[in-house]
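# Survey of secondary and tertiary structure
Each chain is listed here by its residues.
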Amino acid sequence: SKQDEAEIYKLQQDLSRSIADRSSLAAELEELKGAMQELRSGISAAEQAADHALQARDVARAAMEQHKGAVEAMREQQAQQEAQHQLQLAKLQIEMQEQQREAEAKLALVHAKQQQLWNALRRS
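Residues numbered from 1 in each chain as written. Predicted model: local features only at pLDDT ≥ 70, side-chain atom pairs only at ≥ 80, totals over all residues. Heavy atoms only, no water.

## Things to note about the overall build of the protein chain
The number of helices and strands found in the protein chain is 1 helix and 0 strands. With the principal axes as the frame, the protein chain shows a C-alpha extent of 180 × 15 × 10 Å. When each of the 124 residues of the protein chain is scored for burial, the buried share is 0%. Carbon and sulfur atoms provide 57% of the accessible area of the protein chain, an area that totals close to 11800 Å². Each charge sign in the protein chain was given a centre, from 16 positive and 20 negative side chains, and these centres are 18 Å apart. (Helix = DSSP H or I, 4+ residues; strand = E, 2+ residues; numbered from the N terminus. Buried < 20%, exposed > 50% of the residue type's maximum accessible area, 1.4 Å probe, protein only. Areas by Shrake-Rupley, 256 points an atom, 1.4 Å probe, with all protein chains shown as cover. Lys, Arg positive; Asp, Glu negative; His and termini not counted. Charge placed at Lys NZ, Arg CZ, Asp CG, Glu CD.)

Written out as structure tokens, the structure is:
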């Protein structure tokens, strides 16, 4: 009957639309799967970048500590050199004072001999 044919036609149309909707949903699902995979890749890349940044930070910290150690060693060496220079300067000052005393003693001796000579000349 015509009514049955119309109903069959309508059911076929519904079935075709349902198949088309499922195909469309399947395509959307594949797109979503692709987007999820891209998102996972992006997250993985971000995690790797964060790991590299942390490693770089650790290397920079170690370099800073090494630099601090080198600066401290240089300061200590400078302080030691300064102390050595001060010591040498003090020794030099003591040596110069001793030489000055010796020269003054020799000069006093020369004056005493000169005085003796004058006295001897006066007596004669």
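## Some points on the pattern of salt bridges
Under the defined criterion, the tally for this structure stands at 5 salt bridges. We note a salt bridge from Arg17 to Asp14, for which the minimum N-O separation is 2.4 Å. With Arg17 and Asp14 both in helix H1 (residues 2–123) and 3 residues apart, the pair spans about one turn of that helix. Residue classification places Arg17 among the partly exposed residues on the basis of a relative accessible area of 48%. Between Lys68 and Glu65 there is a salt bridge, and its shortest N-O distance comes to 3.6 Å. (Salt bridge = Lys/Arg side-chain N within 4 Å of Asp/Glu carboxyl O.)

## Regarding the environment of Ala20
Its location among the elements puts Ala20 in helix H1. Exposure remark for Ala20: the relative accessible area of 44% places this residue in the partly exposed category.

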